[in-house]
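Observations on the three-dimensional arrangement
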Amino acid sequence: ALGDGSTVELAGGSRLVVEGERAARLEAGQALFTIRHDEANPFVLVAGGERLVDAGTVFDVRLAGETLDIAVSEGAVIVAPH
């Protein structure tokens, strides 16, 4: 659980670095994110060199080597917002 009420579920062998209450970096593996939306302070995930910004959502991210897969079940995720 993250401090803002959001949750992250990691698959076995996954590595996630939490970088504050609203930021994280997936270094390897797979994670399911259930993020509490905050338009003024969006959750940011860096995975496989990509910056993902939450737009009020539940999403799954899998990083295997150079391959990044993103599946969104609710809401939206903005990839490389810049």
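Residues numbered from 1 in each chain as written. Predicted model: local features only at pLDDT ≥ 70, side-chain atom pairs only at ≥ 80, totals over all residues. Heavy atoms only, no water.

It is worth spelling out the nonpolar core at this point. Ranked by internal contacts, the top residues of the largest apolar core, which has 14 residues, are Leu26, Phe33, Phe43, Leu45, Phe59 and Val61. Those elements that place two or more of their residues in this core are strand S3 (23-34), strand S4 (44-47) and strand S6 (58-64). With residues near it in sequence (within four places) discarded, phenylalanine 33 still touches Thr7, Val8, Leu16, Phe43, Leu45, Thr57, Val58, Phe59 and Val61. (Core = buried A, V, L, I, M, F, W, Y, C linked by side-chain atoms within 4.5 Å. Buried < 20%, exposed > 50% of the residue type's maximum accessible area, 1.4 Å probe, protein only. Helix = DSSP H or I, 4+ residues; strand = E, 2+ residues; numbered from the N terminus. Contact = heavy atoms within 4.5 Å.)

Applying the stated rule across the entire model yields two aromatic pairs. For the pair phenylalanine 33 and phenylalanine 43, a centre-to-centre distance of 5.8 Å together with 45° between the ring planes defines the contact as tilted. A residue pair is termed long-range when its members are at least 10 positions apart, and phenylalanine 33 in strand S3 and phenylalanine 43 in the loop between S3 and S4 qualify at ten residues. Here the two residues phenylalanine 33 and phenylalanine 43 agree in accessibility, since each one is buried. Relative to phenylalanine 59, the ring of phenylalanine 33 lies with its centre 4.9 Å away and its plane at 15°, an arrangement referred to as stacked. Residue phenylalanine 33 is found in strand S3, and its partner phenylalanine 59 is found in strand S6; the two are separated by 26 residues along the sequence. (Phe/Tyr/Trp six-rings, centres within 6.5 Å; stacked < 30°, edge-to-face > 60°.)

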